[in-house]
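The chain contents come next:
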Amino acid sequence: DTTVKQNPRYKLARVGKPVNLICSQTMNHDTMYWYQKKPNQAPKLLLFYYDKILNREADTFEKFQSSRPNNSFCSLYIGSAGLEYSAMYLCASSREGGRTEVFFGKGTRLTVV
Amino acid sequence: QQKVQQSPESLSVPEGGMASLNCTSSDRNFQYFWWYRQHSGEGPKALMSIFSDGDKKEGRFTAHLNKASLHVSLHIRDSQPSDSALYFCAASEHAEGADRLTFGKGTQLIIQP
């Protein structure tokens, strides 16, 4: 099974409220990622977990948090949603080794109103 | 400036024809490239990777890399309606246990029956 699962598929949030997105994979992959995709833009890497170590991209450092309670699960947390957070959020995973395929989930479409 | 640029933005090809997609990187640190395909309602799925100069063929799909010009292309022969999708070029960097992907904006391919 090469599936990355994301819940929910669609999420509506209010400005100023927190948002928590969930992702899981059963491939025992070492690394899990979160990407953000807005219309007519390229998917953008927000952060990744290698094992228990979190790495956040420099320009999104203060905007997103994440947790990985075990190998299979990873969450993306927005403390106070703004309109600019409306986007598709893609979770992905890969095994360690370099030049390995990154597997993506179907995404969660977040709309902030 | 976008580090990975794709062209054209959209492409319409008759069934059975050849589709050619292009990608150029502006960062010489990028030496390894992937082509991903995303059907509507699905997550991106890896088609093939390339890191050596020249051609790499997998079935109806051929990727070409020119390292000197950092130009990557994907050619699909005998195009089928099921090939209609959004195609992403992605440059891969391996560091800190992760394969970080920098995506282009994508090419929307439409195969006309």
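Higher on the page you've got the structure.
Rules of the game
- Residues numbered from 1 in each chain as written.
- Chains lettered and ligands numbered in written order.
- Predicted model: local features only at pLDDT ≥ 70, side-chain atom pairs only at ≥ 80, totals over all residues.
- Heavy atoms only, no water.
- Core = buried A, V, L, I, M, F, W, Y, C linked by side-chain atoms within 4.5 Å.
- Buried < 20%, exposed > 50% of the residue type's maximum accessible area, 1.4 Å probe, protein only.
- Helix = DSSP H or I, 4+ residues; strand = E, 2+ residues; numbered from the N terminus.
- Contact = heavy atoms within 4.5 Å.
- Pairing = 2+ DSSP bridges.
- Axes fitted to C-alpha atoms, helices over the stretch in contact; angles between N-to-C directions.

> So what about the nonpolar core? Which residues, and what values?
All names here are of chain A. Trp34, Phe64, Leu76, Ile78, Tyr89 and Leu110 are the most contacted members of the largest nonpolar core, which has 23 residues in total. Looking at this core, the elements with two or more residues in it are strand 3 (19-25), strand 4 (31-37), strand 5 (44-50), strand 8 (73-78), strand 9 (87-94) and strand 11 (108-112). Among residues more than four places away in sequence, those in contact with Tyr89 are Gln6, Leu21, Trp34, Tyr35, Gln36, Leu46, Phe64, Leu76, Ile78, Gly107, Thr108 and Leu110.

> Please give an account of the environment of Thr3(A) that cites residues and values.
Residue and element names in this part refer to chain A. Assignment of secondary structure puts Thr3 in the segment before strand 1 (4-7). With 22 residues separating them in the primary sequence, Thr3 and Gln25 have C-alpha atoms 6.3 Å apart. Excluding residues that lie within four positions of it along the chain, Thr3 makes contacts with Ser24, Gln25, Thr26 and Met27.

> An account of the sheet that holds strand 3 (residues 19-25) of chain B is requested, with residue identities and associated values reported.
In sheet architecture, strand pairing relies on hydrogen bonds along the backbone and comes in two forms, parallel and antiparallel. Residue and element names in this part refer to chain B. The antiparallel open sheet is built from five strands, whose spatial order is 1-3-8-7-6. Taken across any chain shown, the strands that pair with only one partner, and hence form the sheet edges, are strand 1 (4-7) and strand 6 (54-58). Strand after strand, the sheet turns through a mean of 15° between neighbouring axes, direction not considered. As judged from the six bridges shared by strand 3 and strand 8 (residues 71-76), these two strands associate in the antiparallel manner. Opposite Cys23, over in strand 8, you have Val72 as the bridge partner.

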